[in-house]
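Each chain, written out:
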Amino acid sequence: MNDLFDLLRELVAIPSETGDEGPYTRRVAELLRAEGYTVELPEPVPGRPNLVARPSEGPPPVLYFSTHLDVVPPHIDPRVEGERLYGRGTADTKGPLVTMLAAARTLRAEGISAGFLLVIGEEVDHIGAIHAAQTLDLGGARILLGEPTHCRVVKAQKGLLKVRFVASGRAGHSAFPEQGVSAVHRLLDFLQAIRSEPWPDDPELGQTTLNVGLIEGGVAANVFAPAASAVVLFRLCAPVDAIQARIDALLAEERFAGALSQELISRNDPQRLDPPPGFETCVIPFNSDASYLAPLGPVWLCGPGAIEIAHSEREHITRAQLEKGVETYVALGRAAAQA
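Residues numbered from 1 in each chain as written. Predicted model: local features only at pLDDT ≥ 70, side-chain atom pairs only at ≥ 80, totals over all residues. Heavy atoms only, no water.

Visitor: Account for the packing of helix H1 (residues 4-12) against helix H3 (residues 94-109), with residues named and values stated.
Guide: It is the contact of H1 with H3, at a shortest axis distance of 10 Å, that shows an interaxial angle of 135 degrees. When the axis of H1 is compared with that of H3, the two are oblique. For the element pair H1 and H3, the recorded crossing hand is right-handed. Taking contact as the criterion, the partners of Leu 4, Leu 7, Leu 8, Leu 11 and Val 12 in H1 are, on H3, Lys 94, Gly 95, Val 98, Leu 101 and Ala 102. Class assignment for the residues of the contact of H1 with H3 results in eight nonpolar, one polar and one charged. (Axes fitted to C-alpha atoms, helices over the stretch in contact; angles between N-to-C directions. Helix = DSSP H or I, 4+ residues; strand = E, 2+ residues; numbered from the N terminus. Parallel < 35°, antiparallel > 145°, perpendicular 65-115°, else oblique. Left-handed = near helix turned anticlockwise from the far one by under 90°. Contact = heavy atoms within 4.5 Å. Nonpolar A, V, L, I, M, F, W, Y, C, P; charged D, E, K, R; others polar.)

Visitor: Which residues make up the side chain of Glu 21, and what values go with them?
Guide: Its location among the elements puts Glu 21 in the loop between H1 and helix H2 (22-34). The buried category is assigned to Glu 21, whose relative accessible area is 0%. At 3.3 Å, the side chain of Glu 21 forms a polar contact with the backbone nitrogen of Gly 19. Within the structure, Glu 21 has its side chain in polar contact with the side chain of Arg 48 (distance 2.8 Å). Among all residues touching Glu 21, those that are not within four sequence positions of it are Ser 16, Arg 48, Leu 69, Asp 70, Ile 120 and Gly 121. (Buried < 20%, exposed > 50% of the residue type's maximum accessible area, 1.4 Å probe, protein only. Polar contact = N/O pair within 3.5 Å; in protein donor to acceptor, adjacent residues only side chain to side chain.)

Visitor: Outline unusual backbone geometry, supporting the account with residue identities and numerical values.
Guide: Look at the link from Pro 73 to Pro 74: it is a cis peptide, with omega at -5 degrees. Omega for the peptide link from Asp 92 to Thr 93 comes to 0 degrees, which places this bond in the cis form. Assignment of secondary structure puts Thr 93 in the loop between strand S5 (84-86) and H3. One non-glycine residue, His 126, lies in the positive phi region at around 60 degrees. Examined against the element boundaries, His 126 turns out to sit in the loop between strand S6 (114-119) and helix H4 (127-135). Of note, the phi angle at His 311 is positive, near 65 degrees, even though the residue is not glycine. Taking relative accessible area as the criterion, His 311 reaches 44% and is therefore assigned partly exposed.

Visitor: Let's hear about the sheet that holds strand S7 (residues 142-145): which residues, and what values?
Guide: Taken in spatial order, the six strands line up as S1-S2-S6-S3-S7-S17 in an open sheet, and their pairing is mixed. Only two strands of the sheet have a single neighbouring strand rather than two, namely strand S1 (37-40) and strand S17 (299-301). Averaged over all pairs of adjacent strands, the angle between their axes in this sheet comes to 20 degrees, without regard to strand direction. As paired elements, strand S2 (residues 51-55) and S6 share three bridges and run antiparallel to each other. When the sheet's bridge partners are listed, Leu 51 is paired in S6 with Leu 118. (Pairing = 2+ DSSP bridges.)

Visitor: Would you mind going over the packing of aromatic side chains in detail, with residue names and values included?
Guide: The final tally for this structure, using the stated rule, is six aromatic pairs. Through a chain of ring-to-ring contacts, three or more aromatic side chains come together here, namely Tyr 37, Phe 65, Phe 116 and Tyr 329. Stacked on the ring of Tyr 37, the Lys or Arg Arg 108 has its end atom at 4.7 Å from the ring centre. A cation over an aromatic ring shows up here: Arg 319 above the ring of Phe 5, its NZ or CZ 4.1 Å from the ring centre. (Phe/Tyr/Trp six-rings, centres within 6.5 Å; stacked < 30°, edge-to-face > 60°. Lys NZ or Arg CZ within 6 Å of the ring centre and 35° of its normal.)

Visitor: Account for helix H6 (residues 240-252), with residues named and values stated.
Guide: With 13 residues, H6 should cover 18 Å at 1.5 Å per step; its first-to-last C-alpha distance of 18 Å lies within 8% of that length. On the buried face of H6, the contacting elements are strand S9 (159-168), helix H5 (183-196), strand S13 (227-236) and strand S14 (260-268). (Expected span 1.5 Å × (residues − 1).)

Visitor: An account of the environment of Pro 15 is needed here, citing residue identities and associated values.
Guide: Mapped onto the fold, Pro 15 is located in the loop between H1 and H2. When the C-alpha atoms of Pro 15 and Phe 234 are compared, they prove to be 28 Å apart, with 219 residues separating the residues in sequence. Aside from chain neighbours lying at most four places away, what touches Pro 15 is Asp 20, Tyr 24 and His 75.

Visitor: Could you give an account of the nonpolar core, naming the residues involved and the relevant values?
Guide: Within the largest apolar cluster, 45 residues are counted, with the highest numbers of intra-cluster contacts made by Leu 32, Leu 51, Phe 65, Leu 97 and Phe 116. Listed by contribution, the elements that provide at least two residues to this core are H1, H2, S1, S2, strand S3 (63-68), H3, S6 and helix H8 (319-338). If one sorts the elements of this core by residue count, H3 sits on top with eight residues. The residues touching Phe 65, leaving out its near neighbours within four places in the chain, are Met 100, Ala 103, Ala 104, Leu 107, Ala 114, Gly 115, Phe 116, Leu 117, Leu 118, Leu 144 and Tyr 329. In this structure, Phe 165, Leu 187, Ala 238 and Leu 251 belong to the second largest nonpolar core, which totals 26 residues. (Core = buried A, V, L, I, M, F, W, Y, C linked by side-chain atoms within 4.5 Å.)

Next up, the structure:
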């Protein structure tokens with residue numbers, strides 16, 4: 001393959017926001033076919049394929065490199081500044097993918113068979129990983145899942161609950177409070193209630209947190225809003241059922257009953273993983289496809305780059321981080337083969 005920097009720059013230049021992963025997926029498929037892999041492109045959603053690749057010859061894989069194909073918006077073209085490559089996906093997760101491609105080549109030369117499982121939709125609803133778990137049989141092979149973790153192997157990750165809360169109101173002239181009910185006000189009162197709630201913490205995972213990421217509603221400043229909604233993402237240190245039960249109880253309180261409803265978008269429990277001995281480990285506060293892919297085989301979660309700068313205009317990865325990623329993935333591949 002080309003120099004890792006050059007290959008990554010090419011891949012980052014291909015837009016692959018969630019919902020539009022197709023062109024990027026097809027380019028990765030071309031690279032893998034050129035390396036001697038048999039590639040399948042199953043579609044969890046029409047026009048949005050996952051990618052499953054296995055060596056065309058030799059024994060079945062003992063591990064599958066896996067990461068997500070989608071990135072968050074907006075697309076940011078690549079640019080090189082010294083030893084840094086900037087652009088959307090450089091760290092999350094096109095950088096990890098190019099190091100996986102290089103590591104797989106090294107492992108193959110050592111007689112260790114590795115495949116690839118690349119999935120869509122991780123940044124929104126995990127639909128690619130969910131579809132893979134429902135339709136594939138990897139024979140119990142280890143999954144080496146790529147996310148930017150500074151090449152530390154994850155021993156635990158927070159869970160996730162993403163919910164849309166919808167408030168109803170009654171439109172009316174805002175000069176006459178008795179003529180209307182503001183859905184925006186009702187929604188704000190509920191958001192304040194969940195922000196004030198003492199959510200559980202955990203000695204290893206830390207504190208449960210939440211973010212009101214999207215909010216909309218109303219028609220004009222002088223009209224009581226007939227409807228409003230907000231999307232809230234909880235990062236969980238306790239089982240998701242316990243958090244959901246407390247949300248249900250809040251919604252049932254007299255001040256909110258009948259005025260608000262909820263729509264589940266995504267959920268999963270905190271994960272405790274099993275990093276191999278001899279590797280630096282970490283606990284991560286962000287979510288991944290780990291819980292969704294676990295039914296297919298045991299998961300190790302690790303990758304080059306820094307999640308702290310992902311999803312930002314500053315997202316980048318360095319040449320040294322890519323090189324360390326290759327080394328780490330080769331070492332983890334050898335550990336998987338010996339397990």
